[in-house]
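Summary of the model geometry
As a plain string of letters, each chain reads:
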Amino acid sequence: QVQLVESGGGLVQPGGSLRLSCAASENIFSINAMGWYRQAPGKQRELVAAITSDGVTNYADSVKGRFTISKDNAKNTVYLQMNSLKPEDTAVYYCNADLRSNSAQKGYVYWGQGTQVTVSS
């Protein structure tokens, strides 16, 4: 059973920084892409940033220049460095991975449990 374990959320003041981490469980055959989505109260879940196996990145316009996504292939882990945080960044952040486990014949999309990020003074 593949699991995505997230960490790093919390409360931060406007202008502050946080770093989110998401580690995929063991027994991973390959990872096509990993990313971060967020969902604020009353809003739809939206893509924040994603990174492919080749290292190609994609960002929402609202976070470009402030957030940086990166990965550690050896640890099956993706990170989201969030700088210059704004109150409108407040949301539950979900890790997402398109990967194939050792026991599967093809890849599937998996989600983490979510981690709360609150930007407030």
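Refer to the structure printed above.
What counts as what
Residues numbered from 1 in each chain as written. Predicted model: local features only at pLDDT ≥ 70, side-chain atom pairs only at ≥ 80, totals over all residues. Heavy atoms only, no water. Helix = DSSP H or I, 4+ residues; strand = E, 2+ residues; numbered from the N terminus. Rg over C-alpha atoms; globule rule 2.2 N^0.38 Å. Buried < 20%, exposed > 50% of the residue type's maximum accessible area, 1.4 Å probe, protein only. Contact = heavy atoms within 4.5 Å. Areas by Shrake-Rupley, 256 points an atom, 1.4 Å probe, with all protein chains shown as cover. Lys, Arg positive; Asp, Glu negative; His and termini not counted. Charge placed at Lys NZ, Arg CZ, Asp CG, Glu CD. Polar contact = N/O pair within 3.5 Å; in protein donor to acceptor, adjacent residues only side chain to side chain. Disulfide = S-S within 2.5 Å. Phe/Tyr/Trp six-rings, centres within 6.5 Å; stacked < 30°, edge-to-face > 60°. Lys NZ or Arg CZ within 6 Å of the ring centre and 35° of its normal. Salt bridge = Lys/Arg side-chain N within 4 Å of Asp/Glu carboxyl O.

1. Digging into the overall build of the protein
Within the protein one finds 0 helices and 11 strands. Its C-alpha atoms give the protein a radius of gyration of 14 Å, within 12% of the compact-globule value 14 Å for 121 residues. In terms of principal-axis extent, the alpha carbons of the protein reach across some 45 × 25 × 25 Å. Burial analysis of the protein (121 residues in total) assigns 41% to the buried set. Partitioning the intrachain contacts of the protein with sequence separation of at least 6 by distance along the chain shows that 55% fall at a separation of at least 24. Just so you have it, the protein exposes about 6700 Å², and 45% of that area is on carbon and sulfur atoms. For the protein, the distance from the average site of its 11 positive side-chain charges to the average site of its 9 negative ones is 1 Å.

2. Some details on the side chain of Arg38
For Arg38, the position within the fold is in strand S4 (residues 28-39). Exposure remark for Arg38: the relative accessible area of 6% places this residue in the buried category. There is a polar contact of 2.7 Å between the side chain of Arg38 and the side chain of Glu46. Within the local environment of Arg38, its side chain forms a polar contact with the side chain of Ser62, the two groups lying 3.3 Å apart. Sequence-distant contacts of Arg38, defined by excluding residues within four places in its chain, comprise Gln44, Arg45, Glu46, Val48, Ser62, Val63, Phe67, Glu88, Asp89, Ala91, Val92 and Tyr93.

3. Thoughts on the state of the cysteines
Under the defined criterion, the tally for this structure stands at 1 disulfide. With its sulfur 2.0 Å from that of its partner, Cys22 forms a disulfide with Cys95. On the sign convention where negative is left-handed, the bridge of Cys22 and Cys95, at about -80° about the S-S bond, is left-handed. On the criterion of sequence distance, the pair formed by Cys22 in strand S3 (residues 18-24) and Cys95 in strand S9 (residues 91-101) is long-range, its members being 73 residues apart. Just as Cys22 is buried, Cys95 falls in that class too.

4. A word on the packing of aromatic side chains
What the rule picks out here adds up to 1 aromatic pair. Judged by centre distance (5.0 Å) and plane angle (65°), the ring pair of Tyr37 and Trp111 falls under edge-to-face. Of the two residues, Tyr37 is situated in strand S4 and Trp111 in strand S10 (residues 108-111); the sequence distance between them amounts to 74 residues. Here the basic side chain of Arg19 rests over the ring of Tyr79, its NZ or CZ set 4.1 Å away from the ring centre.

5. Focus: the pattern of salt bridges
One pass over the full model with this rule turns up 4 salt bridges. When the shortest N-O distance is used, the salt bridge between Glu46 and Arg38 registers 2.7 Å. Arg38 is the salt-bridge partner of Asp89, the closest N and O atoms lying 3.0 Å from each other. Of the two residues, Asp89 sits in the loop between strand S8 (77-82) and S9 while Arg38 sits in strand S4, which places them 51 residues apart along the sequence. The network of salt bridges with shared partners includes Arg38, Glu46, Arg66 and Asp89.

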